[in-house]
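# Coordinates in review
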Amino acid sequence: MRILFIGDVVGDRGVQMIQTYLPKLKRDLKPQATIVNGENSTPVGRGISRKIYKQLLESGADVVTMGNHTWDNKEIYEFIDDTTKLIRPANYPGKDVPGRGWTKLKVNQATLAVINLQGRVFLPPLDDPFAVADKLVTEIRKETPVIFVDFHGEVTSEKRAIALYLKGRVSAVVGTHTHVQTSDGQIIDHQTAFMTDAGMTGPAAGILGMQPASVIQRFLDQRPARYVVETSEPGIMSGCVIDVNDETGHATKIKPVLIDDAHPYDL
Ligand SMILES: [Fe+2]
C-alpha cells in the first residue's frame, strides 16, 4: 500500500494548505492511506478543534496524529473519545488518559496500524516510548505487519534510535515536531522507512510557523515572549510518501513531499 504522511499543520495557513494541496496530492500520488499530524492546527498553533479535525478529514486525512500540544485546546476532551481517527502519543503515563495512542484501518485486504509516540528529550517526561512501542508493536503484529509510527520528538538521535530499535518490526518511522524537513528519507536494511522529520505545513515566512519578531526578541534578551502564529501568504507543505509491501510489512520506497515557493507543485 501507499501511505501519504503530512507533517505538523500549523495554524490557519496550515489548514488552508491542506485544503488546497491534499486533494491534489491524493489525486496524483494515489495513496491508500493518508495520515496528517494536526497538533498545531488551531489558529494559535496549539492543539486541535473539532472543526479543524473535521476539515482535515474532509480534505482527505484518514488518521490525524498529535504530539506535545495534544491537550492545549481543551475542546479535544469533548471528541477524542468518540473517534478512532484521532490519536495522541501512546506513552502518556497514567491509566485514565483520554483517547488512544494507536489505531488501525482497513486498506483493501490489508490492515494498517498507526502509532503515535512522543520523545522524552527536551520534552515532558512521558513514559518510555521504546518500552511502549515494544509492547504495542508485539501486540499489533499478531494482526498486521503494516505499521506506521509518527514519532513526535525534538532530537535527531532519539528519532533515529527508535527507528533502528523498531527496524524490521514496523513499516515506517517518521519524525515530527521540529517543523523542519530533513533530507534523509531512507529504507533501513530494506525493511523500515525512516525520515528524521517530515517538516511542517503552514506559513513559510515565520520561524517554525511563528511570527519572527517575538521569537527573535526572546533570543536577544531571554525574556519570555508570547509566540503568535504567522499568517502571511507564502505557504509550505511538507511530508513524505511511503510504499509498503502488504505481505511483509517492509517499506520499499520513501519520497519526500515538499511544496513551497522554491518547490512549486508540479506533479
Ligand atoms: Fe510538537
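Below: a short report on this structure. Only a predicted model underlies this, so the values are computations on that prediction, with no experimental measurement involved. (Residues numbered from 1 in each chain as written. Predicted model: local features only at pLDDT ≥ 70, side-chain atom pairs only at ≥ 80, totals over all residues. Heavy atoms only, no water.)

### Points about the sheet that holds strand β5 (residues 102–107)
- Strand order in the open sheet formed by six strands is β5-β6-β7-β8-β10-β9, and the pairing between neighbours is mixed. Since the sheet does not close on itself, it has two edges, and those belong to β5 and β9 (186–188), each with one partner. Direction aside, neighbouring strands of the sheet carry axes that sit 25° apart on average.
- Both β9 and strand β10 (residues 192–195) contribute to a ladder of three bridges, which runs antiparallel. Considered in β10, the bridge of Ile 187 is made with Ala 193.
- Contacts between helix α4 (residues 129–140) and the sheet are confined to β5, β6 (110–118) and β7 (147–152), with β6 contributing the most and set at about 170° to the helix.
- Helix α5 (residues 156–166) rests against β6, β7, β8 (172–176), β9 and β10 of the sheet, and its axis sits at about 165° to β8. (Pairing = 2+ DSSP bridges. Helix = DSSP H or I, 4+ residues; strand = E, 2+ residues; numbered from the N terminus. Axes fitted to C-alpha atoms, helices over the stretch in contact; angles between N-to-C directions. Contact = heavy atoms within 4.5 Å.)

### Describing helix α1 (residues 11–29)
- The end-to-end C-alpha distance of α1, which contains 19 residues, comes to 25 Å, matching closely the 27 Å that a straight helix rising 1.5 Å per residue would cover.
- The principal kink in α1, of about 35°, is found at Tyr 21, preceding the proline Pro 23 by one to four residues.
- Those residues of α1 that fall on the buried side of the exposure criterion are Gly 11, Arg 13, Gly 14, Val 15, Met 17, Ile 18, Tyr 21, Leu 22, Leu 25 and Leu 29.
- The inward-facing, buried residues of α1 abut β1 (2–6), β2 (33–37), α2 (50–58), β11 (202–203), β12 (235–244) and β13 (251–259).
- Just downstream of α1 lies Lys 30, where phi reads positive at about 50°. (Expected span 1.5 Å × (residues − 1). Bend = angle between axes of the 7 residues up to and from the residue. Buried < 20%, exposed > 50% of the residue type's maximum accessible area, 1.4 Å probe, protein only.)

### Observations regarding the side chain of Glu 158
- Within the element layout of this structure, Glu 158 appears in helix α5.
- Buried charge without a salt bridge: Glu 158, with Arg 120 as the nearest opposite-charge side chain at an N-O distance of 5.3 Å. (Lys, Arg positive; Asp, Glu negative; His and termini not counted. Salt bridge = Lys/Arg side-chain N within 4 Å of Asp/Glu carboxyl O.)

### Regarding the coordination of the iron ion
- Protein coordination at the iron ion: the donors are Glu 39 (OE), Asn 68 (OD1), His 152 (NE2) and His 177 (ND1), at 2.1 to 2.2 Å from the metal.
- Considering all four donor atoms around the iron ion, angles at the metal cover 86 to 169° and the coordination shape is irregular.
- Here the donor residues of the iron ion share one chain and are spaced in sequence as E-x28-N-x83-H-x24-H. Of this pair, Glu 39 sits in the loop between β2 and α2 while Asn 68 sits in the loop between β3 (63–65) and α3 (76–79), and the two are 29 residues apart along the sequence. (Donors = N, O, S within 2.8 Å, 3.2 Å for Na, K, Ca; no water. Tetrahedral: all angles 85-135°; square planar, octahedral: opposite > 155°, others 65-115°.)

### Description of the pairing of β10
- Alternating residues of β10 divide into Thr 192 and Phe 194 and Ala 193 and Met 195, and every residue in both groups is buried.
- Across three bridges, the pairing between β8 and β10 is parallel. Within the sheet, the bridge partner assigned to Val 174 lies in β10 and is Met 195.
- Hairpin connection of β9 to β10: three residues between the antiparallel strands, including Asp 189 at a positive phi of 50°.

What is shown is where atoms sit, not what they do.
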